[in-house]
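Structural description and commentary
Residue-level listing of the chains:
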Amino acid sequence: MRPVRVGLLGLGTVGCGTVTVLRRNADEIARRAGRAIEVVRAAVRDPARPRPCVTEGISVDGDARALVEDPAIDVVVELIGGTDPARELVLAAIERGKHVVTANKALIALHGNEVFEAAQRRGVMVAFEAAVAGGIPIIKALREGLAGNRILWVAGIINGTSNFILTEMRDAGREFADVLAEAQARGYAEADPTFDVEGIDAAHKLTILASIAFGIPLQFERVYTEGIGRLTAEDVAYAGELGYRVKHLGIARRTEEGVELRVHPTLIPERRLIANVDGVMNAVLVMGDAVGPTLYYGAGAGAEPTASAVVADLVDVVRTMTADPGNRVPHLAFQPDALADHPVLPMEAVETAYYLRMEVEDRPGVLAEVARILGERGISIEAVIQKEPRAGETHVPLILLTHRVREGRMNEALAAIEALPPVRGSVTRIRLETLDAGGQ
Ligand code: HSE
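Residues numbered from 1 in each chain as written. Predicted model: local features only at pLDDT ≥ 70, side-chain atom pairs only at ≥ 80, totals over all residues. Heavy atoms only, no water.

**Brief notes about the site of the ligand**
Close to the ligand lie K105, N159, G160, T161, Y188, A189, E190, D196, D201, K205, G300 and A301, which account for all nearby residues. One of the side-chain nitrogen or oxygen atoms of T161 is found 2.7 Å away from an oxygen atom of the ligand. Contact between the ligand and Y188: a nitrogen atom at 2.8 Å from a main-chain N or O atom of the residue. In isolation the ligand has 260 Å² of accessible area, and contact with the protein removes 92% of it. Secondary-structure elements contributing two or more residues to the shell around the ligand are α7 (160–171) and α10 (200–214). Split by residue class, the shell around the ligand holds three nonpolar, four polar and five charged. (Near = heavy atom within 4 Å. Polar contact = N/O pair within 3.5 Å; in protein donor to acceptor, adjacent residues only side chain to side chain. Areas by Shrake-Rupley, 256 points an atom, 1.4 Å probe, with all protein chains shown as cover. Helix = DSSP H or I, 4+ residues; strand = E, 2+ residues; numbered from the N terminus. Nonpolar A, V, L, I, M, F, W, Y, C, P; charged D, E, K, R; others polar.)

In structure tokens:
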């Protein structure tokens, strides 16, 4: 049988990784797929630029449109990122009956509903394993390996750049900007690194994970998104004293009332395996009702780890090319006509525990006043640390951990605490999750 012909949109870090892995492992890949897979064409922004891989045998030019319209191409691999022109090119490829493999989380999170509908209509596949957590086969695990479970929650370290920055801040006391520059130089950070540090990249990935876990439409606009920009070394250190690590987590949880979709810095007990995932590594913890907790760990970015996911998708596509479209694994794990319309909860309705830090006047009765405000709202305190005043200071840091409470109730308590005369400035709040088997 003739080889499957692949056209690459983009021949940068991941594109070159894909070419290299396909070449190096060609025999084993063909034995798995049942046919050889060859990259025959690539479209790039600047064809004259030297590439970090061997491009012999690949026709490289600057015409992406011509590539998606080329009748000689069977599968288009989209690696240009961003939604524009990626959306248009992917839709054009689908329209021409081509299967698509993409690493583009923004495209899937924002336009996946439209893209999958078009693919369904045309009977082609759109595979996107590389869009979430790079080389970790988390889409495959959730969509197929855990298909017997009711998924209760998913919590993941899904932005390597943020995890790298947090790890270096804690372990090496390095400055934020310095660590970010290193992540960019290593090719982990997005072209626009605000997507990493403001949590947008993680929110794209969480949107995808939540849809596959719960069988709901993609709803990026409903994800509560907070990045690591406001975290201080002081809070990271106090969390450590209390036995916690601060991680930037994407959390999707099913409750009686609806679905929580949130991305924010989170204190997690340091004894949890996921709390010890450091540097640029990613990890996703999935709680299924039958299997219990399962943890998936690996490289979330980089040339060959991401290529590993792209090539696995290519093998999947090739294996099922001749299958009846109705019998393929659905894009969002659940049959398209069986997606549920569970409401996504507003942040005020989300229940979590909290780390609170405030600067209070060092005099008797202040702690009692703070405790009264929390107690009146049914917020129970789990731990307290009060630090010595710094030299010449009248105020001291007061750190509290609370039990679980609705965010709306905590907002009311924080407004009342910030109005107390002995409390200076605003209260720092970081959400806390124990990530135990009870789902909390
Ligand atoms: N910028 C992403 C990260 C790369 O830091 O995890 C992979 O999506």
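Right, picking up where we left off after that structure.
**Things to note about the nonpolar core**
Counting residues in each nonpolar core, the largest one holds 56 residues, and the members touching the most others are I94, I138, L142, I208 and V286. Breaking this core down by element, the ones donating at least two residues are α3 (64–69), α4 (86–95), α5 (105–122), α6 (138–145), β7 (151–157), α10, β10 (259–269) and β11 (281–288). Here this core gets nine residues from one element, more than from any other, and that element is α10. Taken domain by domain, this core gets at least three of its residues from each of domain 1 (4–135 + 303–338) and domain 2 (138–298). (Core = buried A, V, L, I, M, F, W, Y, C linked by side-chain atoms within 4.5 Å. Buried < 20%, exposed > 50% of the residue type's maximum accessible area, 1.4 Å probe, protein only. Domains from an automatic or database assignment.)

**Considerations on the side chain of R328**
Within the element layout of this structure, R328 appears in the loop between α12 (303–320) and β13 (351–361). As a buried residue without a salt bridge, R328 has its nearest oppositely charged side chain in D324, at a separation of 7.2 Å. Among the polar contacts made by the side chain of R328, one reaches the main-chain carbonyl oxygen of G123 at a distance of 2.9 Å. Reaching out from R328, the side chain makes a polar contact with the backbone oxygen of M321 at a distance of 3.3 Å. Excluding anything up to four places from it in sequence, R328 contacts H99, G123, V124, M125, T320, M321 and A323. (Lys, Arg positive; Asp, Glu negative; His and termini not counted. Salt bridge = Lys/Arg side-chain N within 4 Å of Asp/Glu carboxyl O. Contact = heavy atoms within 4.5 Å.)

**Topic: the pattern of salt bridges**
Within this structure, the stated rule accounts for 43 salt bridges. For the salt bridge of E114 with R87, the shortest nitrogen-to-oxygen distance reads 2.9 Å. Of this pair, E114 sits in helix α5 while R87 sits in helix α4, and the two are 27 residues apart along the sequence. Under the relative-accessibility criterion, R87 is labelled partly exposed at 29%. Between D201 and K105 there is a salt bridge, with the nearest N and O atoms lying 3.0 Å from each other. Of this pair, D201 sits in helix α10 while K105 is found in helix α5, placing the two residues 96 residues apart along the sequence. With respect to burial, D201 and K105 carry one shared label: buried. Because the salt bridges share partners, they merge into one network encompassing E234, D235, R357, E359, R390, E393 and R424.

**Considering the packing of helix α13 (residues 366–376) against helix α14 (residues 407–418)**
Two elements in contact, α13 and α14, have axes separated by 9 Å at closest approach and are oriented at 155 degrees. Between α13 and α14, the angle is such that the two are roughly antiparallel. Where α13 crosses over α14, the two elements pack in a sense that is right-handed. Counted together, V370, I373 and L374 of α13 and A413, A416 and I417 of α14 form the full contact between these two elements. When its residues are assigned to classes, the contact of α13 with α14 shows six nonpolar, no polar and no charged. (Axes fitted to C-alpha atoms, helices over the stretch in contact; angles between N-to-C directions. Parallel < 35°, antiparallel > 145°, perpendicular 65-115°, else oblique. Left-handed = near helix turned anticlockwise from the far one by under 90°.)

**Quick word on the state of the cysteines**
Per the stated rule, a full pass over the model turns up one disulfide. At a sulfur-sulfur separation of 2.0 Å, the disulfide partner of C16 is C53. Taking the sign of the torsion about the S-S bond as the criterion, the disulfide between C16 and C53, at about -60 degrees, is left-handed. Here C16 is found in helix α1 (residues 13–24), whereas its partner C53 is found in the loop between β2 (37–43) and β3 (59–61), with 37 residues between them in sequence. By relative accessible area, C53 is classed as buried at 13%. (Disulfide = S-S within 2.5 Å.)

**Concerning the environment of V423**
Within the secondary structure layout, V423 lies in strand β17 (residues 423–432). For the pair formed by V423 and H395, sequence separation is 28 residues and the distance between their alpha carbons is 8.5 Å.

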